[in-house]
Amino acid sequence: MNGLRDKVVVCTGAGRRSGLGAAILHRMAAEGCRVVVTDLGQPDALLNSDDIGGVDEMDAVVADIKELGAECIGVACDVRRQDAVRNLFDVTCDAFGRVDILVNNAGVGYLMRGFQDVSLEEWQLVLDVNLTGAFLCAQEAAARMIKAEQGGRIVNIASQAAKSGFPHLAAYVASKHGLVGLTRSNAIELAEHGITVNAVCPNHVTTGLGAKQNAYYSKLRGQTLEEFMAAMRDRIPLGRPGTPADTAAAVAFLASDDAAYITGEALNVSGGEEMH
Ligand SMILES: NC(=O)c1ccc[n+]([C@@H]2O[C@H](COP(=O)([O-])OP(=O)(O)OC[C@H]3O[C@@H](n4cnc5c(N)ncnc54)[C@H](O)[C@@H]3O)[C@@H](O)[C@H]2O)c1
């Protein structure tokens, strides 16, 4: 990809080895970027400790990326906290002098239950991480990009759930639709500064989060996991679910100079399953 060498990229929610964030940063490191891995780092009251990127796993992601020869640091950051988000970009600018690319990848998709049973606390957690977190990070990153007068890229990891409804995921679907709205609005306001803002909308990817969704939905439908996955492959025109590398490739493209004239888009990476 053109124009990525030495660019400084921050990706939130990237502290899990099997997650989309780590795959995105591996690809960006391979493209010559300098890399900031950030994740929640500590357990949260409503999330299982194995559902979040803790500090040890985040350190492992940093070590993996350094092994590729890239400059890389790790910074714990809860994207719901404005002070933590400010600190993330302060530390980034102290380490690398600037921020060129923000990938808003942090997300909570584990809270699956029928709409009538969702508590206000759970609803707010999902909206706070998936939507407000992206807003806070974009605001802080854009302020630094505007000051540096070098343009920039913001890529929001939305979902197929940003285009279509899914049962038992009301807060998630609402947050991802909202993220596309934020993408479009920010794209208009930041264009004059040479900052493009786009979203990527993957369909199913079997990450830690994806595996939990498969287990939940197969049980809900009375199917074995194998039957559920076979039905998924059957309805996807390209015949397979997505991989982390598929999403990473789309992010690298949107972050590159090759996508300089693309902004405000919500790009499906879904093997043809989602077409609008
Ligand atoms: N896996 C899929 O099928 C799929 C499909 C479409 C979109 N997505 C989106 O891709 C992104 C990454 O998902 P994934 O599948 O890699 O799952 P994942 O659980 O591995 O990644 C989500 C990350 O967000 C982090 N996070 C949660 N709360 C946070 C907070 N308050 N502050 C900072 N980080 C926080 C978690 O610690 C975790 O590392 C999410 O936004 C998800 O909605 C995933």
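No experiment lies behind these values; they were computed from the predicted model shown. (Residues numbered from 1 in each chain as written. Predicted model: local features only at pLDDT ≥ 70, side-chain atom pairs only at ≥ 80, totals over all residues. Heavy atoms only, no water.)

Caption draft 1: Empty space enclosed by the protein, seen in detail. In total, this model carries 2 cavities of 30 Å³ or more according to the counting rule given. Surrounding the largest cavity, 14 residues form its lining, Leu111, Val126, Leu169, Ala171 and Tyr172 being those nearest its centre. Those elements that provide at least two residues to the lining of the largest cavity are helix H4 (120-148) and helix H5 (170-190). For the lining of the largest cavity, the residue count by class is 10 nonpolar, 2 polar and 2 charged. Approximately 60 Å³ is the volume found for the second largest cavity. Taken together, Thr12, Val79, Asn104, Asn105, Ala106, Val129, Asn130, Gly133, Ala134, Ile157, Lys176 and Leu179 form the lining of the second largest cavity. (1 Å grid on protein atoms, 1.4 Å probe; cavity = no way out; pocket = protein on both sides within 12 Å on 5 of 7 lines; lining within 4 Å. Points joined across faces, edges and corners; volume = space filled by probe spheres on them. Helix = DSSP H or I, 4+ residues; strand = E, 2+ residues; numbered from the N terminus. Nonpolar A, V, L, I, M, F, W, Y, C, P; charged D, E, K, R; others polar.)

Caption draft 2: Local environment of the packing of helix H1 (residues 20-30) against helix H2 (residues 55-67). Close contact between H1 and H2 brings their axes to 10 Å; oriented N to C, the two are set at 25°. The orientation of H1 relative to H2 falls into the category roughly parallel. Both H1 and H2 take part in a crossing whose hand is right-handed. Touching Ala22, Leu25, His26 and Ala29 of H1 are Val61, Asp64 and Ile65, all from H2. In terms of residue class, the contact of H1 with H2 is built from 5 nonpolar, 1 polar and 1 charged. (Axes fitted to C-alpha atoms, helices over the stretch in contact; angles between N-to-C directions. Parallel < 35°, antiparallel > 145°, perpendicular 65-115°, else oblique. Left-handed = near helix turned anticlockwise from the far one by under 90°. Contact = heavy atoms within 4.5 Å.)

Caption draft 3: Structural view of the sheet that holds strand E7 (residues 266-269). With respect to topology, 7 strands assemble into an open sheet ordered E3-E2-E1-E4-E5-E6-E7, the strand pairing being parallel. On the outer flanks of this sheet lie strand E3 (72-76) and E7, each paired with one strand and no other. Neighbouring strand axes in the sheet, compared pairwise and without regard to direction, differ in orientation by 20° on average. Relative to strand E6 (residues 195-202), strand E5 (residues 152-157) runs parallel, the two sharing 6 bridges. Considered in E6, the bridge of Val155 is made with Asn198. Sheet strands touched by H2: strand E2 (34-39) and E3. Its angle to E3, the strand with the most contacts, is close to 165°. (Pairing = 2+ DSSP bridges.)

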